[in-house]
Structures are given as structure tokens and as C-alpha cells.
Amino acid sequence: METLGKKEIYAGIAAHNTALNAYLQVVPETATQGGAGPLSGVCVGVKDNIAVAGLQLTCGSKFLEGYIAPYNATVIDRLTAAGATVVGKCNMDEFAMGSATTYSAYGDVLNPWDEERTPGGSSGGSAAAVAAKMCDVALGSDTGGSVRQPASYCGIYGYKPTYGTLSRYGLTAFASSLDQIGVFARRPDDIRELMQVAAGRDHHDATSIEAPSFGAKGFSPSEMRIGVITEYEKNMSAAVRPAYDRCIEKLKAAGATIVPLSFPEYDTVISVYQVVATAEASSNLSRFDGIRYTARAEGCGFRETTAQSRGRWFGPEVKRRILLGTWVLSRAYYDSYYLRAAKVRTVILKRWQEFFRQVELVLTPATAGIAFKRAEQPDTFALYLEDIFTIPANLTGMPAIAVPAGTHDRMPVGLQLTADLSKDGLLLDAAAWLEKNFMDFATIERGCRHDTI
Ligand code: GLN
């Protein structure tokens, strides 16, 4: 891995973190100890919903202020055993719910390319830390796009593995059937090296699976059929269209076959996601009851203590999701909402499985546009629409990666590649090919530097 070196990283943190607010906790340089191994010298930023023993684990929430993780997540154990060092805990939307990192209880994260803009979310701190060279690679979590969308807004790579490839043990659950730990990097090969160490079955997580091969097999476009989605093409914004068209031209010129695909259910993905994700969140977050963990607003008895604590320490977006999730699971509405969403999810899965009988990869935009200004944040529901391109990979479990693809209005534009289940190696090979053959280095600086913009 191309590491920057601890000195440069800590100099970057000292210079930029106060302004960007990417890290909520920084491990003192003297306390970091990388070991020997394939990731020796690699400095990792970790989203603050992934447990690192002895460090805080706030999940961006007041509820967990002061809470210290008692054990390591499996991914952290594996990375540190391979010689990597954790340099800090990254800011995030509260409990990973959001698209702009403006729902963190600890302040906004700023986009290193333009401080007026959002870095995206919910893993905005991890994305900003990688883009501003405050770490070599960072971990985030991706339930509906929270790694790929911020990566796209910050001009870096953001990868969500096939569901189960990285153990979720030690990741604070948001929506367990959608959650995957994901990786931010300035180069696709860095992701590959990290995955070779971190992926694979873990007896602490029954949904974990055997690691697929991540070894570089090389990528020859002339052997590839690449799907493009007709419904998306009709609605593409002027911000992403040129990069998307150029990418298709490049792949075609290299011999790839472009295959138009129809995804008639594309406009159901947000509703299906919001029902499934909020239902699972309402159940997962019931553990924050004012009795366990830290914050407690003392009331008279269990019910009142719980109500007081939850009322006081959860932020408005988290409350909204818990209420919605509880409602869709209620006896009167379960069939019309939760069950229906689960059925449509199966239809979407079948549709994407059918795609991968016709093509090896699907190319789409990663986001509808470039990072928006924090002062111009869309309203709650418009913000939910942000995830239209990224959600299918979570609903189906398929691996997907956001790749930088140029700029619009001097801000990065990202595209997304999706592959069939466990074809993560192919996905990273394709991203590496695009990095060499498509990325226009004149228009986008790989890993932008806060002080040079
Ligand atoms: N933006 C999405 C949401 O708010 C995705 C969150 C995520 O992937 N953690 O739910």
C-alpha cells in the first residue's frame, strides 16, 4: 500500500482536523504502534460506530457520549494483527442515519474540497479524513450508501463488499440485513490489500461468508459486458452526465460491450429501503434504553426512565426513524408495509440476479449530483432521495464501488460499478483499470489536500 507515513498523517491531522471536524477522537501519535505484517505502517481512520478497544464509541450520538468500547470489532483485530494502526475515530451522522453528516451530535464535517459543502454521509468523517490525507484508508459503514455517497462527494474510492464479506461483529447495528462495513481509499489497490487481510468468516457473525478472491486478475474490457440502466439514463443530471458518457465511451473504445438493461422497479427502492431500514433500526436501537450504556435521564421507574432518556438523548432524525420503524412493524400495518416491502425487495433481488446473467458489471452514477452546500441541505424527504443509486446493492447484498470520475463545478463527480455476489475481485480489478485508463488526472487530484485547494 502507498502509505503516507505517520509523520505526514499526524501533520495533516494537526493542520486540518479543527476545521474539518473529521475525527472525534485522535489517538496520540506516541500511543500508536503498528506491528509487522502486510499492513505495516498503514494508518486507519475508523467510523465511530465500529468498536476499537479503549477508544470512544459514540456513534455520533449524545446517548453514547463518554462510552468506551470494551473490545475490538473483528475487522479491527484483523487489521491490527496485520500491522495497521488506528489513528482515530471518525465523525458520522447519528447512528449512521443521514446523507450529509449534519445529523452528528458533535458538529458538521466539512468537505475538504469546499468547506461550504457537505462531505456526504453518514460516513462523512471517514471520507474527509481520506480525502484530506489524514489517514491512508478509513472504515465506514454502508446501509444505504453511506460509504459510496461520501466517497463520491470527496473524490475518492468507496467500496461496499458483498454482504457478509466483512464481519459485522463490533459494528453498532443500524439495519442488520443491509449493513456492511466498507472501505475508503485513494486507490483501488489499497482496498484490495486491506480486504485480503480483513475479509472472511468470523464465528462472532453468523452472516459472515468465505472471503472471495481479491488477487488482481487483470481486467480486459473486451471480455466484458457492461450493463447500463435505461431508467437512470432518462433522469440523469447535467452534473454527472458528461462523466458517465465519457466513461461509457472509454469502455466501448477498449472493446467492452455495453448492454442496456431495464430496471422498472427503480423508483420503489427508496420506499422499500425506508421501510426495511427503519423497521430494523427500531428493533436494533431498543438497546439504548437509559439503563445500559451511558446516558440516563432518571425517571420514576423503568418506563419513565427509558422515555426520558430516549427523548432527551436521541436526535430528531433517529427519533423519526424509530417512530416510522415501530409503526411499520405494528400489528395493524405490518402486512401493508413491512411484508410488502420485503416482497418488493425480493423482486428487486431477482431483477439484479437476472442482470448478472446478461452482464458482468453494471455502471451507474454514484450520486445524483455533486456535494451540496450545507446551507442548502434538502429537506428530510429530498435527502432520502439521495440514495436512489446506492440502495439496490444493499437490498441485494451485491458488492459496489464508487469511483472518482472527474469534476463538475470544481467538485468531484463519482460513478458506481456493481457486480454479482462475491465478484468483489472483478469489481476492484475494474476500478483499478478505470483508475489507469479513464481517470482524468488533470481535472481531479487523487486524494485532495485541504490546504492546496
Ligand atoms: N443515507 C442513508 C440513510 O440515511 C444511508 C445511511 C447508511 O448507509 N448508513 O439511511
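**As for the nonpolar core**
Note that soluble globular proteins tend to have their nonpolar side chains buried in a common cluster.
Here is step 1: Grouped together as the largest cluster of nonpolar side chains are 95 residues, with contacts concentrated most on Leu139 and Ile401.
Here is step 2: Considering every element that reaches this core, the biggest residue donor is helix H14 (residues 424-437), with seven residues.
Here is step 3: Within the second largest apolar cluster, 48 residues are counted, among which are Leu64, Leu285, Phe288 and Ile322.

**Some thoughts on the side chain of Ser126**
Here is step 1: Assignment of secondary structure puts Ser126 in helix H3 (residues 124-131).
Here is step 2: Here Ser126 falls in the buried class, since its relative accessible area comes to 0%.
Here is step 3: Residues contacting Ser126, with those up to four places away along its chain left out, are Lys47, Cys90, Asn91, Ala138, Leu139, Gly140 and Phe184.

**Considering the pattern of salt bridges**
If charged atoms from side chains of opposite charge come close, those side chains can pair.
Here is step 1: Enumeration over the complete set of coordinates arrives at 21 salt bridges.
Here is step 2: A salt bridge links Arg192 to Asp429, with the shortest nitrogen-to-oxygen separation between them at 3.0 Å. On the criterion of sequence distance, the pair formed by Arg192 in helix H5 (residues 188-198) and Asp429 in helix H14 is long-range, its members being 237 residues apart. The two residues Arg192 and Asp429 agree in class, both being buried.
Here is step 3: A salt bridge links Asp245 to Arg241, with the shortest nitrogen-to-oxygen separation between them at 3.5 Å. With Asp245 and Arg241 both in helix H7 (residues 241-253) and four residues apart, the pair spans about one turn of that helix.
Here is step 4: With a relative accessible area of 27%, Arg241 lands in the partly exposed category.
Here is step 5: When salt bridges that share partners are traced, they join Glu2, Arg187, Asp189, Asp190, Arg192, Asp429 and Glu435 into one network.

**Side note on the sheet that holds strand E2 (residues 43-47)**
Here is step 1: The mixed open sheet is built from eleven strands, whose spatial order is E1-E3-E2-E4-E6-E5-E10-E11-E9-E7-E8. Looking at strand neighbours, the two that pair on one side only are strand E1 (23-26) and strand E8 (257-261), the edges of this open sheet. Going from strand to strand, the sheet's axes swing by 30° on average, the running direction of each strand aside.
Here is step 2: Seen against the sheet, H3 touches E1, E2, strand E3 (85-90), strand E4 (137-142) and strand E6 (180-185) and runs at an angle of roughly 155° to E4.

**Concerning the side chain of Thr58**
Here is step 1: You can see Thr58 is positioned in the loop between E2 and helix H2 (74-81).
Here is step 2: For Thr58, a relative accessible area of 3% puts it in the buried group.
Here is step 3: Sequence-distant contacts of Thr58, defined by excluding residues within four places in its chain, comprise Leu24, Asp48, Leu64, Glu65 and Tyr106.

**Brief notes about a nonpolar patch on the surface**
Here is step 1: A cluster of nonpolar side chains, namely Leu324, Trp327, Tyr333 and Tyr337, defines an oily patch on the protein surface of about 350 Å² accessible area.
Here is step 2: By secondary structure assignment, the location of Tyr333 is in the loop between helix H10 (316-328) and helix H11 (335-358).
Here is step 3: On the accessibility criterion, Tyr333 (33% relative accessible area) is partly exposed.

**Observations concerning the environment of Leu4**
Here is step 1: Tracing the backbone through its elements, the reader meets Leu4 in the segment before helix H1 (6-20).
Here is step 2: Sequence-wise, Leu4 and Thr396 are 392 residues apart; in three dimensions their C-alpha atoms are separated by 36 Å.
Here is step 3: The contacts of Leu4, once residues within four sequence positions are left out, are Ile9, Lys133, Cys135, Asp136 and Arg186.

**Here we look at the packing of aromatic side chains**
Here is step 1: Considering all chains together, one arrives at 21 aromatic pairs under this definition.
Here is step 2: Ring geometry for Trp327 against Tyr337: centres 5.0 Å apart, planes inclined by 45°, an arrangement best described as tilted. Of this pair, Trp327 sits in helix H10 while Tyr337 sits in helix H11, and the two are ten residues apart along the sequence.
Here is step 3: Linked through ring pairs, Tyr232, Phe263, Tyr266, Trp352, Phe355, Phe356 and Phe389 together constitute an aromatic cluster.

**With respect to the site of the ligand**
Here is step 1: The environment of the ligand is made up of 14 residues, and the closest members are Thr143, Gly144, Ser146, Tyr273 and Arg321.
Here is step 2: Between an oxygen atom of the ligand and a main-chain N or O atom of Gly144, the distance comes to 2.6 Å.
Here is step 3: A distance of 3.3 Å separates an oxygen atom of the ligand from a polar atom in the backbone of Gly145.
Here is step 4: Contact with the protein chains covers 100% of the free accessible surface of the ligand, which is 290 Å².
Here is step 5: Split by residue class, the shell around the ligand holds four nonpolar, seven polar and three charged.

**Some points on the pairing of E6**
The side chains of a regular strand alternate, first on one face of the sheet and then on the other.
Here is step 1: In terms of residue burial, E6 counts as a mostly covered element, since six of its six residues are buried.
Here is step 2: Burial along E6 is two-sided: the residues Gln180, Gly182 and Phe184 and Ile181, Val183 and Ala185 are all buried.
Here is step 3: The pairing of E4 with E6 spans six bridges and is classified as antiparallel. If you follow Ala138 over to E6, its bridge partner there is Phe184.

Thresholds, definitions, all that
- Residue numbers run consecutively from 1 along every chain, following the written order of its sequence.
- Since the coordinates come from a predicted model, pLDDT governs what is reported: local features require at least 70, and pairs of side-chain atoms require 80 or more to be given and counted, while whole-chain, interface and lining totals use all residues.
- Processing note: side-chain calculations cover all non-hydrogen atoms of the structure and skip hydrogens and water entirely.
- Each nonpolar core is a collection of buried residues, namely Ala, Val, Leu, Ile, Met, Phe, Trp, Tyr and Cys, held together in the definition by side-chain atoms within 4.5 Å.
- Only protein chains enter the area calculation, which uses a 1.4 Å probe; residues under 20% of their type maximum are buried, those over 50% are exposed, and those in between are partly exposed.
- Strands are runs of DSSP state E lasting at least 2 residues, helices are runs of H or I lasting at least 4, and numbering of each runs from the N terminus.
- Throughout, a residue-residue contact means that at least one pair of heavy atoms, one from each residue, lies within 4.5 Å.
- Here a salt bridge means any side-chain nitrogen of Lys or Arg lying within 4 Å of a carboxyl oxygen belonging to Asp or Glu.
- Between any two strands, pairing holds if DSSP finds at least two bridges.
- Angles shown run from 0 to 180 degrees and are taken between the N-to-C directions of axes, each axis being a line fitted to C-alpha atoms and, for helices, limited to the stretch in contact.
- A patch consists of residues whose relative accessible area exceeds 30% and which take part in no salt bridge; residues with like charges are grouped when within 9 Å of each other, and nonpolar side chains (Val, Leu, Ile, Met, Phe, Trp, Tyr) when within 5 Å.
- For every accessible area listed, the method is Shrake-Rupley and the probe measures 1.4 Å; residues are considered covered only by the protein chains on display.
- Pairs were defined over the aromatic rings of Phe, Tyr and Trp, the Trp ring being its six-membered one, requiring ring centres within 6.5 Å. Orientation was assigned from the angle between planes: stacked under 30 degrees, edge-to-face over 60, tilted for the rest.
- Definition of nearness: a residue and a molecule or strand are near each other if at least one heavy atom of the residue lies within 4 Å of the molecule or strand.
- Any pair of N or O atoms that falls within 3.5 Å is considered a polar contact. Within protein, one atom must be able to donate a hydrogen and the other to accept it, and sequence-neighbouring residues count only if both atoms are side-chain atoms.
- Note on residue classes: Ala, Val, Leu, Ile, Met, Phe, Trp, Tyr, Cys and Pro are nonpolar, Asp, Glu, Lys and Arg are charged, and everything else, Gly too, is polar.

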